[in-house]
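The residues making up each chain are set out below.
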Amino acid sequence: MFTPTSTSTDPVSGDTFVATMESPNYPFYGTQFHPEKILAMYNADSIDHSWESVNYNRYFADRFVELARENTNTCGDFEDCQEIIIDNYPVTVTTTYYGNVYAF
């Protein structure tokens, strides 16, 4: 159903894993990473902050937003959407790789 388009290697275990994939038959693709994390979070131990990395991840982030804006689905009017946004939930701020954590 999906075709791997890139792989990455875990720096600790050395295991190789699929980082991006796409479907040859459907307009679906996925990533195993969060491209916005490079732009918003600093962690010298595990995140590549080179300009090349920033530019590639910015491309992914911008493309995700572009594709999301093509979707005509909606959660309803402004008030309906305000009831379900993530800002309504408590946030736990951490100093780990994961950054802010929302617990439901």
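To start, this report covers the structure provided alongside it. (Residues numbered from 1 in each chain as written. Predicted model: local features only at pLDDT ≥ 70, side-chain atom pairs only at ≥ 80, totals over all residues. Heavy atoms only, no water.)

1. Comments concerning the pairing of strand β2 (residues 16–22)
At step 1: As judged from the six bridges shared by strand β1 (residues 3–9) and β2, these two strands associate in the antiparallel manner. Counterpart to Ser8 in the pairing with β2 is Phe17.
At step 2: Where β2 folds back on strand β3 (residues 29–31), the antiparallel hairpin that results is connected by six residues. (Pairing = 2+ DSSP bridges. Helix = DSSP H or I, 4+ residues; strand = E, 2+ residues; numbered from the N terminus.)

2. So, the sheet that holds β1
At step 1: Pairing is antiparallel in the open sheet, where three strands are placed in the order β1-β2-β3. Since the sheet does not close on itself, it has two edges, and those belong to β1 and β3, each with one partner. Within this sheet the neighbouring strands show an average axis-to-axis angle of 35 degrees, counted without direction.
At step 2: Its contacts with the sheet place helix α2 (residues 51–70) against β2 and β3, and it is angled at close to 140 degrees to β3. (Axes fitted to C-alpha atoms, helices over the stretch in contact; angles between N-to-C directions. Contact = heavy atoms within 4.5 Å.)

3. Thoughts on α2
At step 1: Across its 20 residues, α2 extends 29 Å between first and last C-alpha, which sits within 8% of the 28 Å expected from 1.5 Å per residue.
At step 2: Contact partners of the buried residues in α2: α1 (35–40). (Expected span 1.5 Å × (residues − 1).)

4. Quick look at the state of the cysteines
In a disulfide, the sulfur atoms of two cysteines are held together by a covalent bond.
At step 1: On inspection of all chains with the given rule, the structure shows one disulfide.
At step 2: The partner cysteine of Cys75 in its disulfide is Cys81, sulfur to sulfur 1.8 Å. Torsion about the S-S bond of the Cys75 and Cys81 cystine: about 125 degrees, corresponding to right-handed handedness.
At step 3: The class for Cys75 is partly exposed, based on a relative accessible area of 37%. (Disulfide = S-S within 2.5 Å. Buried < 20%, exposed > 50% of the residue type's maximum accessible area, 1.4 Å probe, protein only.)

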